[in-house]
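Residues per chain are reported as follows:
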Amino acid sequence: MEKRWWQEAVVYQIYCKSFCDSNGDGIGDIRGVISKLPMIKDLGVDCIWFNPLYKSPMVDNGYDISDYEDIEPAYGTMDDFKELLDKAHSMGIRVIMDLVLNHTSDEHKWFKESRKSKDNPYRNFYYWRPAKPDGKEPNNWGNYFYEGRGSAWEFDEQTGEYYLHNYSYRMPDLNWEYEPLREAMYKMMRFWLDMGIDGFRLDAVNRLKKPEGLPDSQKPPTPPVGIHGYVVDRTICANVPGIHELLREIARNTWDNYDVMTVGETGQVTADMAPDFVGADNHELNMIFHFELGKNAKIITPKIYKETQKRWFTVTEHNGWEAQFLSNHDTPRQVSRFGNDGEYRVESAKLLATLTHTFPGTPFVYQGEEIGMTNVYFDSIDDYDERYTVGKYYTAVEAGADPEETLKMLQPLSRDNVRTPYQWNDSENAGFTTGKPWIKVNPRYKEINLEADLKSKDSIFEYYKKIIKMRKNCPAMVDGKLDFYMFDHESMLVYTRSCARQTLLIIANYSDNPVKIEIPEELKSKNFTRILSNREETSPSLLKEREEWLPWETEIYELTTN
Ligand code: GLC
Ligand code: CA
């Protein structure tokens, strides 16, 4: 089947604020990114996804947009962005933008107008409701950021009504039922598409439609009794009936008329629901980020990992396309979370890369992953910035939880783990800025940085280069059918990807221990030649001779005739 460009591509995610600071103000910026395009090219990726670059008061690092058609001054100007776009294109790198359709900043002009009076033309761009007869909030929904008393409603004195905010009270939800809002959004999206960007990553896109009548949740936020005591019902605004019609309407008016890619962020979507979003003829989205692996708060064992991959492949095999990722700007660092960021940091980072690049779908690499950046453990809450961590901390501590213990619990989960500055070299501030970085640098930068990786042919960065390049020459990585062997094994992953032109076999020991296995005869009897390994020096390269795999050992074999 003829492939679309984004199926063959590898996408690199850039969190501009923490990537490279060109002017010493401590904040990463567009000129910083421009200066690093050669490194991105060297890595071999085809496309960059930028976290929001739009004008924003930065309550949620840019997901609170105050002007969709302007660039955040801390990041640069629209001219800087256009220059970046041109340069990237001239180097064969596409650019996709993050698009936040669910909410704006409270500083957006629409919201400023909207709150002025009940009959303001922008009033219905947002959800405004009077208090209940008993004086309480319009319903019992909680906000996801654990702010204030937890409600998703904020009272606004000026008109004596509440507005809805599923996230921060500084990020009011937009009302997609209202046609003028939809039209304004389509116009804005076409502004970017006409400029020549190559697509969108769509933030929380299955939450645009709210349940009719905004009914109470069956699971109201529980009283805050420690960090696990406060649970917000995130299901109520997810996948509400009508969401697919809405997505198709958006597509029709915008991206369907351009050769671009779309990837939606969709929490609460299970594999069986995927075809509705990404079905080949649905005209909704190309791909979605589900939350069953990379964005799951639960522990993912190798078995759960395999089961999840199998489940998703089964439904998308003939209808749709997957997005593969293990981390992004909302998760911990993948090597800390799924791998081993101590003794086996290098091996496990390479193993995780192998999985992301050899399971079906388009691989997404989050900045720093390609040099094995690790979680940071700040010892004071004051060093943390992101809303979930800070909100959860104070909710818990105010409810009587022990501050030290609360911090300890939050450290490995915090989104700030992935938001510390990119580690370019071992000079002060890891070469990210000549000033004071907006968030502290991970103290491991002396050991973990790009410059060090570039000096070693066995580095994680080199491994990423190889595997990204491999995708260009290995049709089975893009097109191959997925088959597992020894599926029930606790720590070994053994699977093939095969298409008419090629068969690849991937073997990975997803554990801290050496593992002996008997490779099934149907594989062993064939001529598999190793084409990539993260422990080349230690093992024989013929499948027939293999019986033991070292901790985090990973290999890719190709089936050859004769
Ligand atoms: C998405 C973004 C996250 C943001 C939230 C609100 O989950 O990935 O960073 O905080 O939406 O926009
Ligand atoms: Ca800067």
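## Focus: the domain arrangement of the protein
Okay, step 1: The assigned domain composition of the protein is domain 1 (8–101 + 179–460) and domain 2 (480–559).
Okay, step 2: For domain 1 and domain 2, the distance between their C-alpha centres works out to 31 Å.
Okay, step 3: Taken together, the 24 residues of domain 1 in the interface contact 26 residues of domain 2.
Okay, step 4: In total, domain 1 and domain 2 occlude about 2,200 Å² of area from one another, counting both sides; carbon and sulfur atoms represent 69% of this.

## Section: the packing of aromatic side chains
Okay, step 1: Within the structure shown, the criterion is met by 34 aromatic pairs.
Okay, step 2: On the numbers, 5.1 Å between centres and 75° between planes, the contact of Phe19 with Trp424 is edge-to-face. Placement of Phe19 in the loop between strand E1 (11–14) and helix H2 (30–35) and of Trp424 in the loop between helix H13 (403–410) and helix H14 (450–455) is noted, with a sequence separation of 405 residues between them.
Okay, step 3: What makes Trp424 buried here is its relative accessible area of 5%.
Okay, step 4: When the centroid spacing of 5.6 Å and the interplanar angle of 75° are considered together, the rings of Phe145 and Tyr167 count as edge-to-face. Taken together, the residues Phe145 in the loop between strand E6 (128–129) and strand E7 (153–156) and Tyr167 in the loop between strand E8 (161–164) and helix H6 (179–195) connect sequence positions 22 residues apart.
Okay, step 5: Grouping aromatic residues by their ring pairs yields a cluster made of Tyr54, Tyr68, Phe81, Trp110, Tyr122, Phe125, Tyr178, Phe191 and Trp192.
Okay, step 6: Over the ring of Trp128 we find Arg123, and its NZ or CZ is 3.9 Å from the ring centre.

## Some details on the layout of surface pockets
Okay, step 1: The volume enclosed by the largest pocket comes to roughly 1,400 Å³.
Okay, step 2: Taken together, 43 residues form the lining of the largest pocket, with Tyr146, Arg234, Lys295, Ala297 and Lys392 sitting closest to its centre.
Okay, step 3: With three residues, the single largest contributor to the lining of the largest pocket is helix H12 (residues 387–398).

## As for the coordination of the calcium ion (ligand 2)
Okay, step 1: For the calcium ion (ligand 2), every protein donor is listed as Asp21 (OD), Asn23 (OD1), Asp25 (OD), Ile27 (O) and Asp29 (OD), and the spread of their distances is 2.2 to 2.4 Å.
Okay, step 2: Going along the chain, you hit the donors of the calcium ion (ligand 2) in the pattern D-x1-N-x1-D-x1-I-x1-D.

## Here we look at the environment of Asn286
Okay, step 1: Within the element layout of this structure, Asn286 appears in the loop between helix H8 (274–278) and strand E11 (287–289).
Okay, step 2: According to the relative accessible area criterion, Asn286 is buried, its value standing at 15%.
Okay, step 3: Expressed as a C-alpha distance, the spacing of Asn286 and Val263, which sit 23 residues apart in the sequence, is 5.9 Å.
Okay, step 4: When neighbours within four sequence positions are excluded, Asn286 is seen to be in contact with Trp6, Val260, Met261, Thr262, Val278 and Trp321.
Okay, step 5: Among the polar contacts made by the side chain of Asn286, one reaches the main-chain amide nitrogen of Thr262 at a distance of 2.8 Å.

## With respect to the pattern of salt bridges
Okay, step 1: This model, assessed by the stated rule, comprises 39 salt bridges.
Okay, step 2: Between Lys440 and Asp383 there is a salt bridge; the shortest N-O distance is 3.1 Å. Taken together, the positions of Lys440 in the loop between H13 and H14 and Asp383 in the loop between strand E13 (362–366) and H12 put the pair 57 residues apart, joining distant regions of the chain.
Okay, step 3: Classification of Lys440 by relative accessible area gives partly exposed; the value is 46%.
Okay, step 4: Two residues, Glu447 and Arg444, come together in a salt bridge whose shortest N-O distance is 3.3 Å.
Okay, step 5: Each of Asp60, Asp98, Arg201, Asp203, Glu265, Lys295, Asp330, Glu386, Arg415 and Arg419 takes part in a single network of salt bridges with overlapping partners.

## Concerning the sheet that holds E7
Okay, step 1: Sheet architecture is open: three strands sit in the order E6-E8-E7, paired in antiparallel fashion. Sheet topology places E6 and E7 at the edges, where each strand pairs with a single neighbour.
Okay, step 2: Note: E7 against E8, four bridges, orientation antiparallel. Residue pairing across strands places Glu154 opposite Tyr163, the latter belonging to E8.

## Considering the packing of helix H4 (residues 78–90) against H6
Okay, step 1: It is at 11 Å that the axes of H4 and H6 come closest, and there the two elements cross at 50°. Judged by the inter-axis angle, H4 sits oblique to H6. Contacts between H4 and H6 pair Met78, Phe81, Lys82 and Leu85 from the former with Phe191, Trp192 and Met195 from the latter.

## As for H4
Okay, step 1: For H4, built from 13 residues, the straight-helix expectation of 18 Å at 1.5 Å per residue is met to within 8% by its first-to-last C-alpha distance of 18 Å.
Okay, step 2: Where H4 is buried, its residues contact H2, helix H3 (37–43), strand E2 (47–50), strand E4 (67–71), strand E5 (94–100) and H6.

## With respect to the side chain of Asn534
Okay, step 1: Secondary-structure assignment places Asn534 in the loop between strand E18 (528–533) and strand E19 (548–549).
Okay, step 2: Separated by 3.2 Å, the side chain of Asn534 and the backbone oxygen of Glu347 make a polar contact.
Okay, step 3: Here the side chain of Asn534 touches Thr554 through a polar contact of 2.8 Å, landing on its backbone nitrogen.
Okay, step 4: In contact with Asn534, other than residues within four places in its own chain, are Glu347, Lys350, Leu351, Tyr463, Trp552, Glu553 and Thr554.

## Notes on the site of ligand 1
Okay, step 1: In the region of ligand 1, 14 residues are neighbours, and Asp60, Asp203, Glu265, His329 and Asp330 sit closest.
Okay, step 2: Between an oxygen atom of ligand 1 and a side-chain N or O atom of Asp60, the distance comes to 2.5 Å.
Okay, step 3: One nitrogen or oxygen atom from the side chain of Lys295 is found 3.5 Å from an oxygen atom belonging to ligand 1.
Okay, step 4: If ligand 1 stood free it would expose 310 Å²; the protein chains cover 97% of that surface.
Okay, step 5: In this structure, ligand 1 is accommodated by the largest pocket.

## Examining empty space enclosed by the protein
Okay, step 1: Going through the model one piece at a time under the given rule, you end up with five cavities of 30 Å³ or more.
Okay, step 2: Lining the largest cavity are His290, Leu293, Gly294, Thr308, Gln309, Trp312, Glu322, Ala323, Gln324 and Phe325.
Okay, step 3: No other element matches helix H9 (residues 302–316), which puts three residues into the lining of the largest cavity.
Okay, step 4: Looking at the lining of the largest cavity residue by residue, the classes come out as four nonpolar, five polar and one charged.

## A look at the pairing of E13
Okay, step 1: With five of five residues buried, E13 lies mostly within the body of the structure.
Okay, step 2: Side chains Thr362, Phe364 and Tyr366 project from E13 onto one buried face, and the interleaved Pro363 and Val365 project onto a second face that is buried too.
Okay, step 3: Where E1 and E13 come together, three bridges link them in parallel fashion. When the sheet's bridge partners are listed, Val11 is paired in E13 with Phe364.
Okay, step 4: Relative to E13, strand E12 (residues 323–324) runs parallel, the two being bridged by two bridges. Bridging from a neighbouring strand, Gln324 pairs with Pro363 of E13.

Cut-off values and rules
- Residues numbered from 1 in each chain as written.
- Chains lettered and ligands numbered in written order.
- Predicted model: local features only at pLDDT ≥ 70, side-chain atom pairs only at ≥ 80, totals over all residues.
- Heavy atoms only, no water.
- Domains from an automatic or database assignment.
- Contact = heavy atoms within 4.5 Å.
- Buried area = accessible area lost by both parts, 1.4 Å probe.
- Phe/Tyr/Trp six-rings, centres within 6.5 Å; stacked < 30°, edge-to-face > 60°.
- Helix = DSSP H or I, 4+ residues; strand = E, 2+ residues; numbered from the N terminus.
- Buried < 20%, exposed > 50% of the residue type's maximum accessible area, 1.4 Å probe, protein only.
- Lys NZ or Arg CZ within 6 Å of the ring centre and 35° of its normal.
- 1 Å grid on protein atoms, 1.4 Å probe; cavity = no way out; pocket = protein on both sides within 12 Å on 5 of 7 lines; lining within 4 Å.
- Points joined across faces, edges and corners; volume = space filled by probe spheres on them.
- Donors = N, O, S within 2.8 Å, 3.2 Å for Na, K, Ca; no water.
- Polar contact = N/O pair within 3.5 Å; in protein donor to acceptor, adjacent residues only side chain to side chain.
- Salt bridge = Lys/Arg side-chain N within 4 Å of Asp/Glu carboxyl O.
- Pairing = 2+ DSSP bridges.
- Axes fitted to C-alpha atoms, helices over the stretch in contact; angles between N-to-C directions.
- Parallel < 35°, antiparallel > 145°, perpendicular 65-115°, else oblique.
- Expected span 1.5 Å × (residues − 1).
- Near = heavy atom within 4 Å.
- Areas by Shrake-Rupley, 256 points an atom, 1.4 Å probe, with all protein chains shown as cover.
- Sits in = over half its atoms within 2 Å of the grid points.
- Nonpolar A, V, L, I, M, F, W, Y, C, P; charged D, E, K, R; others polar.

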